[in-house]
Amino acid sequence: MRLVPAPAGSGIVFRRTDLDNFEIAAIGRNVAKVSYATSLMRQSVLISTTEHLLSALIGFGVDNVIVEVDNLEVPILDGSSLPYVQAFHSVGLKQQRRKREYLKILKEVEVREGSKFIGVYPGSGYRIQYTIDFPQPIGYETFRGDLATGDYVKLIAPARTFGFKEDEGMLRDMGLIRGVSDESAIILSRQGVVNGPLRFNDEFVRHKVLDLIGDLALAGRRIQGHVVAERAGHAMHTALVQRLMRDRSAWELAHGYDEVAEPARVMGQLQPATVS
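Values in this document were obtained by computation on a predicted structure and should not be read as measured data.

Cut-off values and rules
- Residues numbered from 1 in each chain as written.
- Predicted model: local features only at pLDDT ≥ 70, side-chain atom pairs only at ≥ 80, totals over all residues.
- Heavy atoms only, no water.
- 1 Å grid on protein atoms, 1.4 Å probe; cavity = no way out; pocket = protein on both sides within 12 Å on 5 of 7 lines; lining within 4 Å.
- Points joined across faces, edges and corners; volume = space filled by probe spheres on them.
- Helix = DSSP H or I, 4+ residues; strand = E, 2+ residues; numbered from the N terminus.
- Core = buried A, V, L, I, M, F, W, Y, C linked by side-chain atoms within 4.5 Å.
- Buried < 20%, exposed > 50% of the residue type's maximum accessible area, 1.4 Å probe, protein only.
- pLDDT = per-residue confidence, 0-100.
- Contact = heavy atoms within 4.5 Å.
- Pairing = 2+ DSSP bridges.
- Axes fitted to C-alpha atoms, helices over the stretch in contact; angles between N-to-C directions.
- Nonpolar A, V, L, I, M, F, W, Y, C, P; charged D, E, K, R; others polar.
- Salt bridge = Lys/Arg side-chain N within 4 Å of Asp/Glu carboxyl O.
- Phe/Tyr/Trp six-rings, centres within 6.5 Å; stacked < 30°, edge-to-face > 60°.

**Considerations on the layout of surface pockets**
Approximately 600 Å³ is the volume found for the second largest pocket. In terms of lining residues, the second largest pocket is bounded by 33 residues, among which G9, S10, G11, G220 and R221 are the most central. Counting only elements with at least two residues in the lining of the second largest pocket, the list comes to strand 2 (12-16), strand 7 (62-69) and helix 6 (234-246). With four residues, helix 6 is the largest single contributor of residues to the lining of the second largest pocket.

Here it is as structure tokens:
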């Protein structure tokens, strides 16, 4: 996989170099399927497992980039976004002339499904509150944070994806987790973590926040508002994006707000970088 600069206003675009450089924009209308990962499709061309890279780009402040991939799946690496942001740090960002646009939330938009819930509300910054409730040994966890404080790399990016060992066969039969190993995910049994230690005591909910940021990137711009999620997942994350995009009265485009930049981060365009 290779990430290359893109002109201002381009957004995030995936390019299948194995299919005559066919391009798929990272926007809500190209969402193909969401179960254990988020896939995009245009004209029957698929790109899967996009959420970790999208999360890293939004979290690090990259607005315009072309992601060149030579197969249908984005590399999972260590199961978090940390290898991506480390690569971004190594090459740096280039500030572009056009001001960054945000999706400023004007009114609440919610999606409910039984005990599952996600909503977005007006507010400053990009505040997220996420609650999970999984079978043991995970249980109940809650995370609250604000992406606008510049703490993404420290608090969210290192959190790895996770799954139960007993579900591995089913997931592989579904064509998922093809590149997963003990080095690319937290593996769980009913007794506990198989391949510890955890990077955070609450790493599970932090990874769900990481996924959420990546999925909400499909709104096309970073959000200015407050997101609350309870027992949600990829399907509900992307359903919120689609509902938000359909209700044009729920948001407006805004240019900037007070934000604490991470070290070596400026808004704009990623310098050339290769991730393998």
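Once you've had a look at it, read on.
**Some thoughts on the nonpolar core**
The biggest cluster of nonpolar side chains holds 67 residues, and the ones touching the most others in it are F14, L53, V67, F88, I118 and Y152. Sorting elements by how many residues they give to this core places helix 5 (residues 203-216) first, with seven residues.

**Brief notes about the confidence of the model for the protein chain**
Predicted confidence across the protein chain gives a mean pLDDT of 89, with 87% of residues reaching 70 or more. Below a pLDDT of 50 lies the segment residues 258-267, which in the model reaches 33 contacts outside its immediate sequence neighbourhood of four places, other chains included.

**Focus on the sheet that holds strand 5 (residues 38-42)**
Paired through their backbone hydrogen bonds, the strands of a sheet run either parallel or antiparallel. Spatial strand order, 4-5-6: three strands in an open sheet with antiparallel pairing. The strands lining the two open edges of the sheet, one partner per strand, are strand 4 (31-34) and strand 6 (45-47). Ignoring strand direction, the axes of neighbouring strands in this sheet form an average angle of 25 degrees. In this sheet, strand 6 lies alongside strand 5 in antiparallel orientation, the contact comprising three bridges. Bridge assignment links M41 to a residue of strand 6, and that residue is L46. Helix 6 contacts strand 4 and strand 5 of the sheet and is inclined by roughly 150 degrees relative to strand 4.

**Let's talk about empty space enclosed by the protein**
For the coordinates displayed, the defined rule picks out one cavity of 30 Å³ or more. By volume, the largest cavity amounts to about 40 Å³. As for the largest cavity, its lining consists of L57, I58, G61, V62, D63, R100 and R222. For the lining of the largest cavity, the residue count by class is three nonpolar, one polar and three charged.

**Observations concerning the pattern of salt bridges**
Under the definition given, this model contains twelve salt bridges. One salt bridge connects R2 with E68, and the closest N-O pair in it is separated by 3.5 Å. Placement of R2 in strand 1 (residues 2-5) and of E68 in strand 7 is noted, with a sequence separation of 66 residues between them. The class of R2 is partly exposed, set by a relative accessible area of 38%. Residue classification places E68 among the buried residues on the basis of a relative accessible area of 17%. A salt bridge links E110 to R112; its shortest N-O distance comes to 3.6 Å. Judged by its relative accessible area of 58%, R112 is exposed. Linked by salt bridges that have partners in common, R2, R15, E23 and E68 make up one network.

**Points about the environment of R97**
Among the secondary structure elements, R97 is positioned in the loop between strand 8 (93-95) and strand 9 (101-105). Taking C-alpha positions, R97 is 7.7 Å from A8, a pair spaced 89 residues apart along the chain.

**Details of the packing of aromatic side chains**
Overall, the coordinates contain three aromatic pairs when judged by the stated rule. Taking the centre distance of 5.5 Å and the plane angle of 55 degrees together, the rings of F60 and F88 count as tilted. Residue F60 is located in helix 1 (residues 51-60), and its partner F88 is located in helix 2 (residues 82-91); the two are separated by 28 residues in the primary sequence. Each member of the pair, F60 as well as F88, carries the same accessibility label: buried.

**Focus on the sheet that holds strand 16 (residues 192-193)**
Ordered by their spatial adjacency, three strands build an open sheet running 14-15-16, and the pairing between neighbours is mixed. Of all strands in the sheet, those bounded by a partner on one side alone are strand 14 (162-164) and strand 16. The pairing of strand 14 with strand 15 (residues 186-189) spans three bridges and is parallel. Counted as the bridge partner of G163 is I187 from strand 15.

**Overview of the pairing of strand 12 (residues 126-134)**
By the bridge criterion, six bridges tie strand 12 to strand 17 (residues 222-230) in an arrangement that is parallel. Considered in strand 17, the bridge of Y126 is made with G225. Across eight bridges, the pairing between strand 12 and strand 13 (residues 139-146) is antiparallel. Within the sheet, the bridge partner assigned to Q129 lies in strand 13 and is R144. Linking strand 12 back to strand 13 in an antiparallel pair, the connection comprises four residues.

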